[in-house]
Amino acid sequence: MAEFKVVIADPNTGETFQREVDGQDANRFLGREIGDEIGGDAVGLSEHTVEITGGSDETGRPMREDVSGTRLKELLLEGGVGFEPSREGERKRITVRGREIDDDVAQINVSVVEGDDVAAALGEDDGDDEE
């Protein structure tokens, strides 16, 4: 049975929230790819829509949008997801994971695309509203 840590980004406030999902909620992510939009009720956001923006597996290998399927692939990278060069012209061979979510993925990154007040919907509103 699949189990994921989902990191939810709220682009309006810049905050992120983490949720553990398993069972039927986790199955909604299986087979989806980076860029797919799904209903937020899988992560506790019933009035929201979220877009899958990335993720990583148990060993920390990042998912890349330009690698198809769920496979692992070695790429010679000059930068981008999975490698940040320290000097001009540096390249490195890095193992990355494909863009499709399967049981080997440990963390999924999502961004809210529709809906407001993510913190309140997740029950993490800190109540700093002054009247």
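Residues numbered from 1 in each chain as written. Predicted model: local features only at pLDDT ≥ 70, side-chain atom pairs only at ≥ 80, totals over all residues. Heavy atoms only, no water.

A. Representation of the side chain of Arg 97. Along the chain, Arg 97 falls in strand β6 (residues 92-97). A relative accessible area of 5% places Arg 97 in the buried class. A distance of 3.2 Å separates polar atoms of two side chains, one belonging to Arg 97 and the other to Asp 57. Of note is the side chain of Arg 97, whose polar atom sits 2.8 Å from the backbone oxygen of Thr 70. Beyond its immediate stretch of four places on either side in the chain, Arg 97 contacts Asp 57, Pro 62, Met 63, Arg 64, Val 67, Thr 70, Arg 71, Leu 72, Asp 102, Asp 104 and Val 105. (Helix = DSSP H or I, 4+ residues; strand = E, 2+ residues; numbered from the N terminus. Buried < 20%, exposed > 50% of the residue type's maximum accessible area, 1.4 Å probe, protein only. Polar contact = N/O pair within 3.5 Å; in protein donor to acceptor, adjacent residues only side chain to side chain. Contact = heavy atoms within 4.5 Å.)

B. Just the sheet that holds strand β4 (residues 49-57), in detail. If you trace the 5 strands from one edge of the open sheet to the other, you get β2-β1-β7-β4-β3, paired in mixed fashion. Of all strands in the sheet, those with a lone pairing partner are β2 (15-22) and β3 (37-39), marking the two edges. Within this sheet the neighbouring strands show an average axis-to-axis angle of 35°, counted without direction. Where β4 meets strand β7 (residues 105-114), 8 bridges bridge the pair, whose relative direction is antiparallel. Counterpart to Thr 49 in the pairing with β7 is Glu 114. (Pairing = 2+ DSSP bridges. Axes fitted to C-alpha atoms, helices over the stretch in contact; angles between N-to-C directions.)

C. A look at the environment of Val 6. In this structure, Val 6 sits in strand β1 (residues 3-10). Assessed through its relative accessible area of 0%, Val 6 is described here as buried. Spatially, the C-alpha atom of Val 6 lies 12 Å from that of Glu 51, the residues being 45 residues apart in sequence.

D. Representation of the nonpolar core within the structure. Counting 24 residues, the largest nonpolar core has Phe 4, Ile 8 and Phe 29 as its most contacted members. Sorting the residues of this core by element identifies β1, β2, β4, β7 and α2 (118-121) as the ones contributing at least two each. Per-element accounting of this core gives the leading share, 4 residues, to β7. Excluding anything up to four places from it in sequence, Phe 4 contacts Arg 19, Glu 20, Val 21, Ala 26, Phe 29, Leu 30, Ile 101, Asp 102, Val 105, Ala 106 and Ile 108. If you look at the next biggest cluster of nonpolar residues, it comprises 6 residues, including Val 67, Phe 83, Ile 94 and Val 96. (Core = buried A, V, L, I, M, F, W, Y, C linked by side-chain atoms within 4.5 Å.)

E. Looking closely at the environment of Thr 49. Residue position: Thr 49 is located in strand β4. Looking at Thr 49, the relative accessible area reads 18%, which means it is buried. C-alpha separation for the pair Thr 49 and Val 113, spaced 64 residues apart in sequence, amounts to 5.7 Å. Apart from the residues lying within four places of it in its own chain, the contact partners of Thr 49 are Glu 37, Ile 38, Gly 40, Ser 111, Val 112, Val 113 and Glu 114.

F. View of the confidence of the model for the protein chain. Predicted confidence across the protein chain gives a mean pLDDT of 87, with 94% of residues reaching 70 or more. By mean pLDDT, the top-scoring element of the protein chain is β4 (93), and the lowest-scoring one is α2 (76). (pLDDT = per-residue confidence, 0-100.)

G. The pattern of salt bridges, seen in detail. Counted by the stated rule, this structure contains 5 salt bridges. Taking the shortest distance from any N to any O, the salt bridge between Asp 41 and Arg 28 comes out at 3.2 Å. One end of the pair, Asp 41, is in the loop between β3 and β4; the other, Arg 28, is in the loop between α1 (24-27) and β3, with 13 residues separating them in the sequence. In this structure, the salt-bridge partner of Arg 64 is Asp 66, at a minimum N-O distance of 3.0 Å. Through salt bridges with shared partners, a single ionic network connects Asp 57, Arg 61 and Arg 97. (Salt bridge = Lys/Arg side-chain N within 4 Å of Asp/Glu carboxyl O.)

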